[in-house]
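Below are the chains, spelled out letter by letter.
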Amino acid sequence: VVYFNDQNLGYVDIKELMKFVASDDPQNKWMAPGRDKPIDILPSKKISVAVDSAFVVKNGIVPKGMENRIVKSLNWEVKKNYVLKNDLMILDLLAANDWKRPVYFAVTTGSDSYLNLEKYLQLEGLAYRLVPIESTPAEMASGGPRIAEDIMYDNIMKFQYGGMNIPGVYLDENCLRMASNMRIQIGQLASALTEKGKKDKALKVLDKAMLEMPESNVPYDATMYSIALGYYQAGNVAKGNELSKRLFDIFEKDLIFYNKMKRENRDFYGREIRQATDILNRLITISNAFGSKELAKEFSNRIKTVVPEDAIDPQGLPVMP
């Protein structure tokens, strides 16, 4: 472990930080009260990585058409009070790489692994690529890093899905989790493509998800909401309605099941009840927003019969048990 002992130095070049922490100089250590030997430290949470704009363009680090957005340096602040070996390895990698090779983070690792670098990441599939481009607040509005829609589209369309659509194939829990993650990413991509006026590509990538991950092998769950929304946004109202109806049926049945439980037993399923209620309300919202007024009305009438009064607050939101 290496602790941060922030000395208000401002942004410090990452190479200097790595030299500091690797040094055996006692002045680069901290003797904490009650300890018999010094502790390794980093003198700043604010880190800088220099960028050679000509070099990153030449070696293809920056997507075409975005050369004018290259920053002079990556400047960010680590929010942790210490780093473990895995994080220190990442920092050392960034210090030594000099933009010679691409650096990727898996989407499944969680934000804690990104060391607060999200504004310099771009989604290209099931991985984020570190680039010397700072995302705008609007690009980060969806809650994650910017989507490189053209790169990700090519990756999704040529990806080898491993036969998840073969009739009767068995997918274990880990495979199903990964498939659900893929559906989320594809839904986000479809929305990004539609926002850029590329509805044809959005529909193709949504159809790809439906083809490669059919309900028969990859049961529909909450992640399918993003696919239904994607179809609506891209203009295929019929497909959006079809998926919305199927999802409403699934989560309506879930709530009927929970409603049959005694209250003391149902309380253990608060998270599942909240999720089901949230999905039903979202389906009402998107079906109404994209022109299916009658379907939205039907959903609104049905939800009243399955959401127990003691499971929602006055605003119609599920409460914690």
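Conventions we followed
Sequence positions are assigned chain by chain, starting from 1 and proceeding in written order. Thresholds applied to this predicted model are a pLDDT of at least 70 for local features of residues and 80 or more for the giving and counting of side-chain atom pairs; totals over whole chains, interfaces and linings are not thresholded and use all residues. Think of the side-chain values as coming from all heavy atoms in the structure, minus any hydrogens and water. A run of DSSP states H or I qualifies as a helix once it reaches four residues; a run of E qualifies as a strand once it reaches two. Both are numbered from the N-terminal end. Each residue is placed in one exposure class: buried if its accessible area under a 1.4 Å probe, protein chains only, is under 20% of its type's maximum, exposed if it is over 50%, and partly exposed if it falls in between. Should any heavy atoms of two residues lie within 4.5 Å, those residues are counted as being in contact. Counted charges follow a simple rule, with Lys and Arg positive, Asp and Glu negative, and His plus the chain ends left uncounted. All charge positions are set by atom: Lys at NZ, Arg at CZ, Asp at CG, Glu at CD. Being paired, for any two strands, means DSSP has found at least two bridges between them. Nonpolar side chains (Val, Leu, Ile, Met, Phe, Trp, Tyr) within 5 Å and like charges within 9 Å form the patches, drawn only from residues with over 30% relative accessible area and no salt bridge. Only the protein chains shown count as cover for residues, and all accessible areas are computed by the Shrake-Rupley method using a 1.4 Å probe. The working definition used for a salt bridge is a side-chain nitrogen of Lys or Arg within 4 Å of a carboxyl oxygen of Asp or Glu. One less than the residue count of a helix, multiplied by 1.5 Å, gives the span that helix is expected to have. By the criterion applied in these results, polar contacts are pairs of N or O atoms within 3.5 Å in which, for protein atoms, one can donate a hydrogen and the other can accept it, and in which residues neighboring in sequence qualify only through two side-chain atoms. Between the N-to-C directions of two axes lies an angle of 0 to 180 degrees, each axis being a line fitted to C-alpha atoms and, for a helix, fitted only over the stretch in contact. By convention the crossing between two helices is left-handed if the near helix lies anticlockwise of the far one by an angle smaller than a right angle, and right-handed if it lies clockwise. Residue classes follow a fixed rule: Ala, Val, Leu, Ile, Met, Phe, Trp, Tyr, Cys and Pro count as nonpolar, while Asp, Glu, Lys and Arg count as charged, and any other residue, Gly among them, counts as polar. Computed over the protein atoms alone on a 1 Å grid, cavities are sets of points where a 1.4 Å probe fits but cannot get out and pockets are open sets with protein on both sides within 12 Å along at least five of seven lines; a residue lines them when it has an atom within 4 Å of a point. Grid points are joined across faces, edges and corners, and a volume is the space filled by probe spheres set on the points.

A. Focus on the overall build of the protein chain. Looking only at helices and strands, the protein chain has 11 helices and 11 strands in total. Looking at the protein chain as a whole, 45% of its 321 residues are labelled buried. Residue pairs in contact within the protein chain that sit at least 24 positions apart in sequence constitute 68% of those at least 6 positions apart. Of the charged side chains in the protein chain, 43 are positive and 42 negative; the average position of the first set lies 2 Å away from that of the second.

B. Molecular detail of the sheet that holds strand 10 (residues 127–130). Within the open sheet, the four strands sit side by side as 8-10-9-11. Their pairing is mixed. This sheet does not close on itself; its edge strands, each paired only once, are strand 8 (104–106) and strand 11 (146–147). With three bridges joining them, strand 9 (residues 121–123) and strand 10 adopt antiparallel strand pairing. Opposite leucine 121, over in strand 10, you have leucine 130 as the bridge partner.

C. Structural detail: unusual backbone geometry. At leucine 115, a residue that is not glycine, the phi angle is positive and equals roughly 55°. Residue placement: leucine 115 occurs in the loop between strand 8 and strand 9. Residue leucine 115 is classed as buried on the basis of its relative accessible area of 3%. Unusually for a residue other than glycine, asparagine 116 sits at a positive phi of about 70°. Checked against the element boundaries, asparagine 116 lands in the loop between strand 8 and strand 9.

D. Seen up close, the environment of serine 135. Summarising the element assignment, serine 135 is placed in the loop between strand 10 and strand 11. When its relative accessible area of 8% is taken as the criterion, serine 135 is described as buried. For the pair formed by serine 135 and glutamine 122, sequence separation is 13 residues and the distance between their alpha carbons is 8.4 Å. Residues within four places of serine 135 in sequence aside, it is in contact with Arg69, Lys119, Leu121, Met140 and Arg146.

E. Representation of the pairing of strand 4 (residues 39–42) within the structure. Here strand 1 (residues 2–4) runs beside strand 4; their pairing, made up of two bridges, is parallel. Residue phenylalanine 4 lies in a different strand from strand 4, and its bridge partner there is leucine 42. Pairing analysis gives two bridges linking strand 3 (residues 29–30) to strand 4, with the strands arranged antiparallel. Within the sheet, the bridge partner assigned to tryptophan 30 lies in strand 4 and is isoleucine 39.

F. Geometry of a nonpolar patch on the surface. On the surface, Val1, Tyr3, Tyr82 and Leu84 cluster together to form a nonpolar patch covering roughly 360 Å² of accessible area. Inspection of the secondary structure puts leucine 84 in the loop between strand 7 (82–83) and helix 3 (85–97).

G. Representation of helix 5 (residues 173–195) in the model. Compared with the 33 Å implied by 1.5 Å per residue over 23 residues, the 34 Å span of helix 5 between its first and last C-alpha is a close match. The N-cap residue of helix 5 is aspartate 172: its side-chain oxygen and the backbone nitrogen of asparagine 174 are 3.2 Å apart. Glycine 197 lies just past helix 5 and shows a positive phi near 80°.

H. Quick peek at the sheet that holds strand 1. Pairing is mixed in the open sheet, where four strands are placed in the order 3-4-1-7. The strands lining the two open edges of the sheet, one partner per strand, are strand 3 and strand 7. The strands that helix 1 (residues 14–22) touches are strand 1, strand 3 and strand 4; relative to strand 4, the one it contacts most, it runs at about 170°.

I. Structural detail: the packing of helix 4 (residues 149–158) against helix 6 (residues 199–212). Their axes nearest at 10 Å, the elements helix 4 and helix 6 cross at an angle of 35°. For the pair helix 4 and helix 6, the crossing hand works out as left-handed. For the pair helix 4 and helix 6, the contacting residues are Asp150, Tyr153, Ile156 and Met157 in the first and Lys201, Lys204, Val205 and Lys208 in the second. The residue makeup of the contact of helix 4 with helix 6, split by class, is four nonpolar, no polar and four charged.

J. Region of interest: the side chain of asparagine 181. Its place among the elements puts asparagine 181 in helix 5. Setting aside residues no more than four positions away along its own chain, asparagine 181 makes contact with Val107, Thr108 and Leu126.

K. Structural context of the layout of surface pockets. Considered as a void within the structure, the largest pocket measures approximately 710 Å³ in volume. Along the wall of the largest pocket there are 27 residues; nearest its centre are Ser142, Ile147, Gln188, Ala192 and Glu195. Residue assignment for the lining of the largest pocket shows that the elements contributing at least two residues are strand 11, helix 4, helix 5 and helix 7 (224–234). The element that contributes the greatest number of residues to the lining of the largest pocket is helix 5, accounting for six residues. In terms of residue class, the lining of the largest pocket is built from 12 nonpolar, six polar and nine charged. Put simply, the second largest pocket is a space of about 220 Å³. If you trace the second largest pocket, you find 14 residues lining it, with Tyr128, Gly143, Gly144, Pro145 and Gln188 closest to the centre. Looking at which element gives the most residues to the lining of the second largest pocket, the answer is helix 5, with three residues. Residues that form the lining of the second largest pocket fall into these classes: six nonpolar, seven polar and one charged.

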